[in-house]
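Read off the chains here:
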Amino acid sequence: MILESERRAVVDHAPDLAALTPGRTGNLSVRDGNTGDAFAVTPTGVPYDSFDAADVPVVGVDGDQRGGEMAPSSEVPMHAAIYRREDVGAIVHTHSPWSTAMAVAHEPLPPIHYMIVAVGKSVPVAEYAPYGTDELAANIVSAMDDADATATFIENHGLVVTASDIETALENTHHVESLARLYLQTRAAGLEPETLSDAQLETVLEKFESYGQ
């Protein structure tokens, strides 16, 4: 079975995705290494606990399906475009509530807490386009590239997070969701969130690097 470990990783982490996003609205993928030409991705339109590794679709970075019994996520163009442009090993896409609130407000997430450096110095907002389109995929890649970030909100849609592996991508999805909640709760209390300076963020990055993070 091609990409067996990656397909098993999709199955193993599908419950984590289900805990982050309502219904069947999210998707995740795991690449064959950080520069491989194919990835395993959640199937479309099925409950997250209703498939096994043999069902998991395998798709090339050119978008062609190479294996799996089920049809791949409708967001294959997004996953494929990111893998073509970025040396990453996994992608998580959710409609998690706090991040999606930022997305519908077209509001980027500023550096209100040092843990934002897990994904960059801010979380940008990618321009809206219909889901599952090449246009949306291009907008997502452009937003992350422009902000030098590994995550982006998508206008009126949700959140995308990339990382070297699926565990880190899921962890960083939780980080962004938590920070989005803190930001919006602070604003709801009538307070203006204070932000960290670039120098302060650089210090955090240096400390993280010294820990091997």
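If you check an unreviewed UniProt entry, the protein chain appears there as Class II aldolase/adducin family protein from Haloterrigena alkaliphila.

Throughout the structure, instances matching the rule amount to 8 salt bridges. Between Asp 62 and Arg 66 there is a salt bridge; the shortest N-O distance is 4.0 Å. Residue classification places Asp 62 among the exposed positions, given a relative accessible area of 55%. On the accessibility criterion, Arg 66 (37% relative accessible area) is partly exposed. The shortest N-O distance in the salt bridge between Arg 85 and Asp 145 comes to 2.8 Å. Taken together, the positions of Arg 85 in helix α2 (residues 76–85) and Asp 145 in helix α4 (residues 134–147) put the pair 60 residues apart, joining distant regions of the chain.

With that out of the way, let us pick up the UniProt feature "domain: Class II aldolase/adducin N-terminal" (unreviewed entry) in the protein chain. UniProt's entry tags residues 8–184 with the feature "domain: Class II aldolase/adducin N-terminal" (unreviewed entry), counted in the numbering of this structure. Between the first and last C-alpha atoms of residues 8–184 the distance is 36 Å; the span itself is 36% helix and 18% strand.

Reported here for the largest pocket is a volume of approximately 670 Å³. Forming the walls of the largest pocket are 28 residues, and the residues nearest its centre are Val 117, Ala 118, Val 119, Gly 120 and Thr 150. When contributions to the lining of the largest pocket are tallied by element, the ones reaching two or more residues are α4, β8 (158–163), α5 (166–188) and α6 (198–210). A total of 4 residues in the lining of the largest pocket trace back to one element, the largest contributor, which is α5. A per-class count over the lining of the largest pocket returns 12 nonpolar, 9 polar and 7 charged. Counted as a void, the second largest pocket has a volume near 210 Å³. What lines the second largest pocket is a set of 17 residues, among which Arg 24, Thr 25, Gly 26, Asn 27 and Ser 74 lie closest to the centre. Its residues assigned to classes, the lining of the second largest pocket comprises 4 nonpolar, 11 polar and 2 charged.

The next subject is unusual backbone geometry. If a residue is not glycine, its phi is most likely negative; likewise, a peptide bond is most likely trans. A positive phi angle, close to 50°, is found at Asp 148, a residue other than glycine. Assignment of secondary structure puts Asp 148 in the loop between α4 and β7 (151–154). Of note, the phi angle at Asn 156 is positive, near 55°, even though the residue is not glycine. As for its position among the elements, Asn 156 is in the loop between β7 and β8. The exposure class of Asn 156 is partly exposed, given its relative accessible area of 44%.

With that settled, consider the side chain of Asn 172. Counting through the fold element by element, Asn 172 comes out in helix α5. By relative accessible area, which is 6% here, Asn 172 ends up buried. When sequence neighbours within four positions are dropped, the list of residues in contact with Asn 172 reads Ala 118, Val 119 and Val 161.

Looking now at the environment of Glu 127. With respect to the element layout, Glu 127 can be found in the loop between β6 (125–126) and α4. Glu 127 sits 21 residues away from His 106 along the chain, and the two C-alpha atoms are 8.7 Å apart. When sequence neighbours within four positions are dropped, the list of residues in contact with Glu 127 reads Leu 136, Asn 139 and Glu 155.

Let's shift gears to the sheet that holds β6. The strand order across the open sheet built from 8 strands is β4-β3-β2-β1-β5-β8-β7-β6, with neighbouring strands paired in mixed fashion. The strands lining the two open edges of the sheet, one partner per strand, are β4 (65–67) and β6. Inspection of the sheet shows β7 paired to β8 by 4 bridges, in the antiparallel sense. Bridge pairing in β8 places Ala 151 opposite Val 161. On top of the sheet, α2 reaches β1 (27–31), β2 (38–41), β3 (58–60), β5 (90–94) and β8; it is set at about 35° to β1, its chief contact. Along the sheet, helix α3 (residues 97–104) contacts β7 and β8; its crossing angle with β7, the most-contacted strand, is approximately 65°.

Conventions adopted
Counting starts from 1 at the beginning of each chain's written sequence and moves along it residue by residue. Local features are withheld for residues below a pLDDT of 70 in this predicted model, meaning they are given only at 70 or higher, and side-chain atom pairs are given and counted only at 80 or more; totals for whole chains, interfaces and linings count all residues. Calculated side-chain values reflect all of the structure's heavy atoms, with hydrogen atoms and water omitted. When a carboxyl oxygen of Asp or Glu lies within 4 Å of a side-chain nitrogen of Lys or Arg, that pair is called a salt bridge. To sort residues, take the accessible area from a 1.4 Å probe on protein chains only and compare it with the maximum for the residue type: under 20% means buried, over 50% means exposed, and anything in between is partly exposed. Secondary structure elements follow DSSP: runs of H or I of four or more residues count as helices, runs of E of two or more count as strands, with numbering from the N terminus. UniProt positions are given in the numbering used here, feature names are shortened, and annotations may be inferred rather than shown by experiment. Think of a 1 Å grid over the protein atoms and nothing else: a 1.4 Å probe that fits but is trapped marks a cavity, an open set flanked by protein within 12 Å on at least five of seven lines marks a pocket, and residues with an atom within 4 Å of a point count as lining. Grid points are joined across faces, edges and corners, and a volume is the space filled by probe spheres set on the points. In this classification, Asp, Glu, Lys and Arg are treated as charged, Ala, Val, Leu, Ile, Met, Phe, Trp, Tyr, Cys and Pro as nonpolar, and every other residue, Gly included, as polar. Contact criterion: two residues are considered in contact whenever any of their non-hydrogen atoms come within 4.5 Å of each other. By the convention used here, strands pair only if DSSP detects at least 2 bridges between them. To obtain an axis, a line is fitted to C-alpha atoms, over the contacting stretch when the element is a helix, and the angle between two such axes runs from 0 to 180 degrees between their N-to-C directions.

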